[in-house]
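The chain contents come next:
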Amino acid sequence: MTIAVTTPTGHVGSRVVRLLLQAGVRPRLLVRDPARLEEETRSRVDVRQGDLTDAAFVREAVAGVRTVFWVDPTPHTTADPIETSLRTAAPLIEAARAGEVGRVVFLSSIGAEKRHGVGHIDALAGIEEQLDATGADVLHLRCAYFFTNLLFDLEGLAQGVLTTAFDPGHPMPWADPRDIGDVVAARLLNDTWHGRVVQAVHGPEDLSFHEVARILSAALGHPIRLHPVSDDATRDALRAAGLPPSAVEGMVGMTAGSRGLVPEQPRDLLTTTPTPLSAWAHAQLRPLLEK
Ligand SMILES: NC(=O)c1ccc[n+]([C@@H]2O[C@H](COP(=O)([O-])OP(=O)(O)OC[C@H]3O[C@@H](n4cnc5c(N)ncnc54)[C@H](OP(=O)(O)O)[C@@H]3O)[C@@H](O)[C@H]2O)c1
């Protein structure tokens, strides 16, 4: 029962690897730079070194694998992000269609249910649809907004400012990627689900950005002021930073398309994960800001 894991050095992937090792599995890791794995991990896994944008590498690395955990590695800043994400997933989809991969757990996102109009998330919707058509067993994990997105603007948070283009008063699900890794590992180890499955990972509670600013103020020990910005202001800032137009629209689209979104899967026992933002901010964010 070989399990292949992509992005094993990422927030979600690293947690998945740890749990698979603790479960007694020797996973196959598709990794660009094995030196980025912990030394203790390297001796316990089957390393396939390569870049996920290298189709020949991916095709060879997943062939004959029972289950693949697929994470789209495409940075939002890439030119033509949607096309790049779809092209990167193509060899996996080809292998699943050819029956060389039996099961895929795919890290998707809330918003993918809309299929179009959600910026770079449209690519995850496209990958979902293409995986569905392969005939393999596929699980789409529609994940909430990651706590780790807060790491993108450490400078702002250090200065007491939380900038967002999301509707500041609209609650949406937020999750700790580590908890998402728990769900991924459980699903990878369970060999009894079949067909097409969609499962959301919503974190412990829905939060508006106003509530996030309040929680961060308490956890970080200094006031965090919310700074709402418009889509056009975001566009201007991303353009000024030199991002290509397709990347700018991919990023603005994720926020604009998620506005007012009610996720397809309800919050319930299966979709709720435990770690509150306050605990994550205290344990992970605060030390980074104090450095
Ligand atoms: N952020 C959100 O709110 C959110 C919500 C729902 C879904 N998601 C999905 O979550 C995923 C990100 O997960 P994450 O936060 O765990 O990742 P992450 O911590 O940002 O790490 C990115 C990972 O991708 C790897 N990577 C990047 N480019 C690569 C390439 N060309 N070839 C091979 N590996 C490559 C990196 O490897 P190196 O160590 O080599 O750099 C690293 O392991 C995205 O697919 C996104 O769609 C995110």
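A brief report on the enclosed structure follows. (Residues numbered from 1 in each chain as written. Predicted model: local features only at pLDDT ≥ 70, side-chain atom pairs only at ≥ 80, totals over all residues. Heavy atoms only, no water.)

**With respect to the sheet that holds strand β11 (residues 205-207)**
Keep this limit in mind: Criterion used throughout: strands pair if DSSP finds at least two bridges between them. Note on conventions: DSSP H or I runs of at least 4 residues are helices, E runs of at least 2 residues are strands, and numbering of each starts at the N terminus.
Ordered in space as β7-β9-β11, the three strands form an open sheet in which the pairing is mixed. Either end of the sheet is taken by a strand with one partner, and the two such strands are β7 (145-146) and β11. Of the pairings in the sheet, the one linking strand β9 (residues 172-175) to β11 comprises three bridges and is antiparallel in character. Bridge pairing in β11 links methionine 172 to leucine 207.

**Quick word on the site of the ligand**
Let me state the cut-off plainly: Throughout, the term near means that a residue has one or more heavy atoms lying within 4 Å of the molecule or strand in question. Definition of a polar contact: a pair of N or O atoms within 3.5 Å, with one able to donate and the other able to accept a hydrogen when the atoms are protein atoms, and with sequence-neighbouring residues admitted only if both atoms are side-chain atoms. Working definition of accessibility: Shrake-Rupley area with a 1.4 Å probe, residue cover restricted to the visible protein chains. Only Asp, Glu, Lys and Arg are considered charged, only Ala, Val, Leu, Ile, Met, Phe, Trp, Tyr, Cys and Pro nonpolar, and every remaining residue, Gly among them, polar.
Taken together, 22 residues lie near the ligand, and Thr9, His11, Arg36, Asp51 and Asp72 sit nearest. A distance of 2.9 Å is found between a nitrogen atom of the ligand and a backbone nitrogen or oxygen belonging to leucine 52. Protein contact buries 79% of the 950 Å² of open area that the ligand shows by itself. Tallied by class, the residues present in the shell around the ligand amount to ten nonpolar, eight polar and four charged.

**Some thoughts on the environment of glycine 10**
This is how it is decided: Classification of residues uses two cut-offs on accessible area relative to the type maximum, computed with a 1.4 Å probe and protein chains only: under 20% is buried, over 50% is exposed, and between them is partly exposed.
Along the chain, the position of glycine 10 falls in the loop between β1 (3-6) and α1 (11-22). Look at glycine 10 and you get partly exposed, because its relative accessible area is 23%. For the pair glycine 10 and arginine 178, spaced 168 residues apart in sequence, the C-alpha separation works out to 10.0 Å.

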